[in-house]
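Descriptive structure summary
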Amino acid sequence: MAVNLVVSFALAILISSTPAVVGVDATEELKEAVLMLDVGNFSEVVAKHPFIVVEFYAPWCGHCKRLAPEYEKAASVLRKNDPPVVLTKVDAYDERNKELKDKYGVYSYPTIKIMKNGGSDVRGYGGPREADGIVEYLKRQVSPASLKLKSAEEAAHSIGDKGVILVGVFPEFAGTEYENFMAVAEKMRADYDFFHTSDASILPRGDQSVKGPIVRLFKPFDELFVDSEDFGKDALEKFIEVSGFPMVVTYDADPTNHKFLERYYSTPSAKAMLFVSFGDDRIESFKSQIHEAARKFSANNISFLIGDVADADRVFQYFGLRESDVPLLFMIASTGKYLNPTMDPDQIIPWLKQYIVEELYFTYGNLTPYVKSEPIPKVNDQPVKVVVADNIDDIVFNSGKNVLLEFYAPWCGHCRKFAPILEEIAVSLQDDQDIVIAKMDGTANDIPTDFAVEGYPTIYFYSSTGNLLSYDGARTAEEIISFINDNRGPKAGAAAAVDEKTQTDTVEEEVTSSQEPVKDEL
């Protein structure tokens, strides 16, 4: 579970900077720029456009609210572009649009998709989240997949230090190598910028005398550029994905790092995350040590990240980390999560060696698993009991009682509607000492793997006899109380009576048995 939980987190954290907000008057003028789609008109509208952008949003989502004025402003500019670029949005939280949400794999908000050729070609949006950046990115997406570089000035402006840039060098713009390069450029253009030239001398780095065909990948990290002469489509894609990914991903406010963060958190590997203040006078030592660790341990299926605590508030909130523990190294692995707080640069590699030894030889015990938990309530005397990660064993699994447990999220509208119903159930059953009605904030506590929580609210019932059941029925007090009574263990008094009767019957059986003649086994 520890590794899997980051998948749902991957997209939710990427909008780490707050966009500038368009003024009220401007927003009013732009309201008609973005088309509203739903399951009824979606297919028809998408089919009409060779290139269309769709934002899947939720009305309650703070990221979506911050994006809205920027998206509107960009839409008003792009609809006048040649060719026009249409921006649309879908309320993916509306149950009527669940079919669209499922079809396009919408797991977080906002999710933006670029749809081409009437919807037959769907790609993720990998650009900025502010108006000017959206406009520039989408204009680039409707232009040719690769642009020709004609001068050193053009090359310096296009390559710079913006991100990963691919330049194909060809003696002539024809042939299999050139065609494969263009095909890969079209396929991967949402995530990378592609250019081509016949003159390598205009490029800012690398051998300027080559005639090609070669592909030169420029990047603002690691070795700064890499060349490849393999123009097979699959080989070219792999070269871009591998060489174009940093050895250590940086978590900061730079939007060009968003696609690296998404891939980092979505990759099924152990995650080593070093969070430090980038203003720390030891920052170069921390960077040097985490890069050295990446070189040493990348073969152990570990992905590495260094993050600036100033920009990592969402990470800290999601994982329950504390700024007072910075500099900290946080590890997420298949066996759990581990934390090394207030560390020095020279402690990084020894600590990771200890982790690898425990993973390799299953000698767990030296590293204490980290569990995100709210504080245990000092007073927990309301009808609905509060469960946190640190007391879930005491209240649910070890209490010997029948426990109905709701997993909720504070932002969830369905949870807010269910809250008075849960309270009604608790009040109705509060005189029954064998029943506990409880709730747990699933966003603020680690949820044990016993429970499969894929949305909120999720309701489970754990009986006094040890049966764990998921409740999928109607969310009414009457139905849930009936479910509890049908599945609960015997009442304490009844159980005692049953035990007493069982003991009596056993004694009688033993007496009777002792009076029976011994049978001849032959």
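Provided above is the structure to which this section pertains.
Residues numbered from 1 in each chain as written. Predicted model: local features only at pLDDT ≥ 70, side-chain atom pairs only at ≥ 80, totals over all residues. Heavy atoms only, no water.

1. Digging into the overall build of the protein chain
As a reminder of what qualifies: Strands are runs of DSSP state E lasting at least two residues, helices are runs of H or I lasting at least four, and both sets are numbered from the N terminus onward. The buried label goes to any residue with under 20% of its type's maximum accessible area, the exposed label to any with over 50%, and the partly exposed label to all in between, with areas taken from a 1.4 Å probe on protein chains only. Pairs of residues are marked as contacts when any of their non-hydrogen atoms sit within 4.5 Å. To be clear on the numbers: accessible area is Shrake-Rupley with a 1.4 Å probe, and residue cover counts the displayed protein chains and nothing else.
When you go through the protein chain residue by residue, the secondary structure sums to 17 helices and 20 strands. Within the protein chain, the fraction of its 522 residues that count as buried is 46%. Expressed as a percentage of contacts within the protein chain between residues at least 6 apart in sequence, the contacts between residues at least 24 apart total 69%. Surface summary for the protein chain: the accessible area is close to 26300 Å², and the carbon and sulfur share equals 50%.

2. Re the sheet that holds strand 9 (residues 214-218)
Let me state the cut-off plainly: Think of it this way: DSSP has to see at least two bridges between two strands before they count as a pair. Note on geometry: axes are lines fitted to C-alpha atoms, helical ones only across the stretch in contact, with angles between N-to-C directions running from 0 to 180 degrees.
One open sheet accounts for five strands, arranged 6-8-7-9-10; its pairing is mixed. Edge positions in the sheet fall to strand 6 (146-148) and strand 10 (225-228), since each has one partner strand and no second. Here the strands of the sheet are splayed against their neighbours by 25° on average, with no regard to which way each runs. Note that strand 7 (residues 165-169) and strand 9 share five bridges and pair antiparallel. Within strand 9, the position partnered with Ile165 by the bridge is Phe218. Relative to strand 8 (residues 193-197), helix 8 (residues 176-188) is tilted by about 160°, and along the sheet it contacts strand 6, strand 7, strand 8 and strand 9.

3. Looking at the packing of helix 15 (residues 413-428) against helix 16 (residues 477-487)
Geometrically, a packed helix pair is captured by the angle between its two axes and the distance between the axes. Rules: With respect to orientation, any angle under 35 degrees is reported as roughly parallel, any angle over 145 as roughly antiparallel, any angle of 65 to 115 as roughly perpendicular, and every other angle as oblique. Crossing handedness follows the turn of the near helix against the far one: under a right angle anticlockwise gives a left-handed crossing, and clockwise gives a right-handed one. All residues other than Ala, Val, Leu, Ile, Met, Phe, Trp, Tyr, Cys, Pro, Asp, Glu, Lys and Arg, Gly among them, are scored as polar; the first ten of these are nonpolar and the last four charged.
Running from amino to carboxyl end, helix 15 crosses helix 16 at an angle of 50°, the nearest separation of the two axes being 9 Å. When the axis of helix 15 is compared with that of helix 16, the two are oblique. Like other packed secondary-structure pairs, helix 15 and helix 16 cross with a definite hand, here right-handed. Contacts between helix 15 and helix 16 pair Phe418, Ile421, Glu424, Ile425 and Ser428 from the former with Ala477, Ile480, Ile481 and Ile484 from the latter. Residue composition of the contact of helix 15 with helix 16, by class: seven nonpolar, one polar and one charged.

4. Here's the deal with the side chain of Asn180
Take Asn180: it is sitting in helix 8. With residues up to four places along the chain from it excluded, the contact list for Asn180 reads Phe231, Gly232, Lys233 and Leu236.

5. What to know about unusual backbone geometry
Note: most peptide bonds trans; most residues except glycine with negative phi. Residue Pro110 is reached from Tyr109 by a cis peptide bond, and omega for that bond is -10°. Within the secondary structure, Pro110 is located in the loop between helix 5 (98-103) and strand 4 (111-116). Cis geometry is adopted by the peptide bond preceding Pro213, which originates at Gly212 and carries an omega value of 5°. Looking at the element boundaries, Pro213 is found in the loop between strand 8 and strand 9.

6. Examining the pairing of strand 12 (residues 270-276)
Our working definition: Consider the strands pointing away from the viewer: the crossover is right-handed when the path from the first strand over the helix to the second runs clockwise.
Of all seven residues that make up strand 12, seven are buried, and the element is covered over most of its length. Alternating positions in strand 12 separate into two faces, Ala270, Ala272, Leu274 and Val276 on one and Lys271, Met273 and Phe275 on the other, with burial throughout. As a crossover connection, the stretch from strand 12 through helix 11 (residues 283-297) into strand 13 (residues 302-308) is right-handed. Of the strand pairs in this sheet, strand 12 and strand 14 (residues 328-333) are connected by five bridges, and their pairing is antiparallel. Residue Leu274 lies in a different strand from strand 14, and its bridge partner there is Leu329.

7. A look at the packing of aromatic side chains
The criterion, for reference: Each pair of aromatic rings taken from Phe, Tyr and Trp, with Trp reduced to its six-membered ring, is defined by centres within 6.5 Å and is described as stacked if the planes are under 30 degrees apart, edge-to-face if over 60, and tilted in the remaining cases. Either the NZ atom of lysine or the CZ atom of arginine qualifies as a charge over a ring when it sits within 6 Å of the ring centre and within 35 degrees of the ring normal.
Tallied over the entire structure, the rule returns 28 aromatic pairs. Taken together through their ring pairs, the aromatic side chains of Phe170, Phe173, Tyr178, Phe181, Phe194 and Phe231 make up a single cluster. Against the face of Tyr57 rests Lys89, its NZ or CZ located 5.6 Å from the ring centre. The ring centre of Tyr264 lies 5.7 Å from the NZ or CZ of Lys271, which sits over that ring.

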